[in-house]
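# Examination of the molecular architecture
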Amino acid sequence: MALFFSRRTYNAQKKKFTDNPAALTRYVSITEERGNGAVRKGDILPKADWLKLVQQAGGTKDILIYVHGFNTSQKDMLDRLGKIETGVKAHGFQGAVIAYDWPSDGTVLAYNADRSDAKKTAPHLVEDGILPLLALTPRPKIHLIAHSMGGLVVLRGFSDFGDSVGHWGIDQVMFCSADIDATWLEKGAWGGLVLDERSKRFTNYYSGRDRVLALAGGLINGGRERAGHVGMPSPVTKGHWDIYCNEQYKKHVPDAQQTMVYSHRWWFDNDGFYKDLALTMAGKDAKTMPTRRPTNQADLALLT
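What this report covers is the structure whose coordinates are included nearby. Each chain has its residues counted from 1, running along the sequence as written. Confidence filtering applies because this is a predicted model: local features only for residues at pLDDT of at least 70, side-chain atom pairs given and counted only at 80 or more, and all residues used for totals across whole chains, interfaces and linings. Computation of side-chain values: all heavy atoms of the structure, hydrogens and water removed.

## Describing the overall build of the protein chain
Helix numbering and strand numbering both begin at the N terminus, where a helix is a DSSP run of H or I of at least 4 residues and a strand a DSSP run of E of at least 2. Secondary structure assignment for the protein chain yields eleven helices and eleven strands. The reference for a compact globule is 2.2 Å times residues^0.38; the radius of gyration itself is calculated from the C-alpha atoms. At 18 Å, the protein chain has a C-alpha radius of gyration in line with the 19 Å of a compact globule built from 304 residues. If one aligns the C-alpha atoms of the protein chain with their principal axes, the spans along those axes are about 55 × 40 × 35 Å. Exposure categories follow from relative accessible area, calculated using a 1.4 Å probe and restricted to protein chains: below 20% of the type maximum is buried, above 50% is exposed, and the middle band is partly exposed. A burial count over the protein chain gives 54% of its 304 residues as buried. Contacts are assigned to residue pairs that have any heavy atoms within 4.5 Å of one another. The contacts in the protein chain between residues at least 6 apart in sequence include a share of 72% that link residues at least 24 apart.

Laid out in structure tokens, this is it:
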């Protein structure tokens, strides 16, 4: 079973989600998969019924929300959600693993359109997902893993939705290949402040080998380096951790697979990455995890 909440428009006649932003959030349970995800069947559920399924899936203690990035179709989102769930559970995570499905067009040519839709739908990550989950009894710990432009969704969602329902926050926030301005995460900058306010700890997995982010920073975003490519600038907020992943990438990804696209997506096939995620969600000390090594900088290196 795969569980997600979506802000894509649903075409009831064709019984398919589109790539357009929706006027409401739908809660989905995928109950049948065939042929490695080629055919999927499921149901759109009332929110209350969907929340019960999340609890039954292990969400009485911990819930991990996956927020996908740019150029991600709903099928790709579900494929990666399955990989994340398998990966973290192989290393002891016993909670529910779900996703927020925002309306990415699933094409490399729609960067600006995806960025606009990411900003437009970001508040619903909090309003329609995080807050209802935090209202469950018993109250679970909420964790979040965002890939690529998913980091923008998280930051905008966290900043655009305030404390009108009371102060709220989640446990672990983790970004990989974050397609956001690195300067946003500097101590005192708006992104760093938002994450400090809304999470217990923030972990930024970055790789200088990410050729998609090299392009995004060097050309598409006018030279503004991406946090998933160069890490966070100093000084860094206490409780925010940079994890350097160049060596992990070189060690586990064969030369023939080190393409531009895969350099941005390799995380979803890396067991050491999932082990580190599981230890992070378990609240282990950042400096003593067996998956990490010190570097000659202020950050740590993922090396398993």
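## Notes on the side chain of Asp276
Mapping Asp276 onto the fold places it in helix α11 (residues 271-281). Counting of polar contacts relies on pairs of N or O atoms within 3.5 Å, with two restrictions inside protein: one atom must be capable of donating a hydrogen and the other of accepting it, and residues adjacent in sequence are counted only when both atoms are side-chain atoms. Here the side chain of Asp276 touches Arg292 through a polar contact of 2.8 Å, side chain to side chain.

## Describing the nonpolar core
Note that soluble globular proteins tend to have their nonpolar side chains buried in a common cluster. Buried Ala, Val, Leu, Ile, Met, Phe, Trp, Tyr and Cys residues form a nonpolar core when they are joined through side-chain atoms within 4.5 Å. Ranked by internal contacts, the top residues of the largest apolar core, which has 51 residues, are Ile65, Val67, Leu125, Ile130, Leu133, Leu144 and Phe158. Looking at this core element by element, the count peaks at six residues for helix α4 (residues 123-134). Among residues more than four places away in sequence, those in contact with Leu144 are Leu64, Ile65, Val67, Leu125, Ile130, Val154, Phe158, Ile170, Gln172, Val173 and Met174. Membership of the second largest hydrophobic core comes to 32 residues, among which are Ile30, Trp267, Phe273 and Leu300.

## Digging into the pattern of salt bridges
One speaks of a salt bridge when a side-chain nitrogen belonging to Lys or Arg is within 4 Å of a carboxyl oxygen belonging to Asp or Glu. Applying the stated criterion across every chain yields a total of twelve salt bridges. Arg7 is paired through a salt bridge with Asp128; the nearest N and O atoms lie 3.5 Å apart. On the criterion of sequence distance, the pair formed by Arg7 in strand β1 (residues 2-11) and Asp128 in helix α4 is long-range, its members being 121 residues apart. Pair check on accessibility: Arg7 and Asp128 agree, each one buried. Note that Lys83 is salt-bridged to Asp269, the shortest N-O span being 2.8 Å. With Lys83 in helix α2 (residues 74-89) and Asp269 in the loop between α10 (262-265) and α11, this residue pair connects regions lying 186 residues apart in the sequence. Looking at Lys83, the relative accessible area reads 37%, which means it is partly exposed. Look at the salt bridges and you will find they share partners, linking Asp179, Asp181, Arg224 and Arg226 into a network.

## Description of a nonpolar patch on the surface
What makes a patch is a set of residues exposed beyond 30% relative accessible area and free of salt bridges, joined within 9 Å when like-charged and within 5 Å when nonpolar (Val, Leu, Ile, Met, Phe, Trp, Tyr). All accessibility values rest on the Shrake-Rupley procedure with a 1.4 Å probe; residue burial counts only the protein chains present in the view. The grouping of Leu215, Ile220, Met260 and Val261 at the surface amounts to a nonpolar patch, some 310 Å² of accessible area in total. On the secondary structure map, Met260 appears in the loop between α9 (246-252) and α10.

## Observations concerning the pairing of strand β6 (residues 141-147)
Within β6, six of the seven residues are buried, which leaves it mostly tucked inside the rest of the structure. With six bridges joining them, strand β4 (residues 62-67) and β6 adopt parallel strand pairing. Among the inter-strand pairings, Ile65 is bridged to a residue of β6, identified as Leu144. Paired strands, in this sense, are two strands between which DSSP finds at least two bridges. Here four bridges tie β6 to strand β7 (residues 170-176), and the two strands are oriented parallel to one another. Of the residues in β7, the one forming a bridge with His147 is Cys176.

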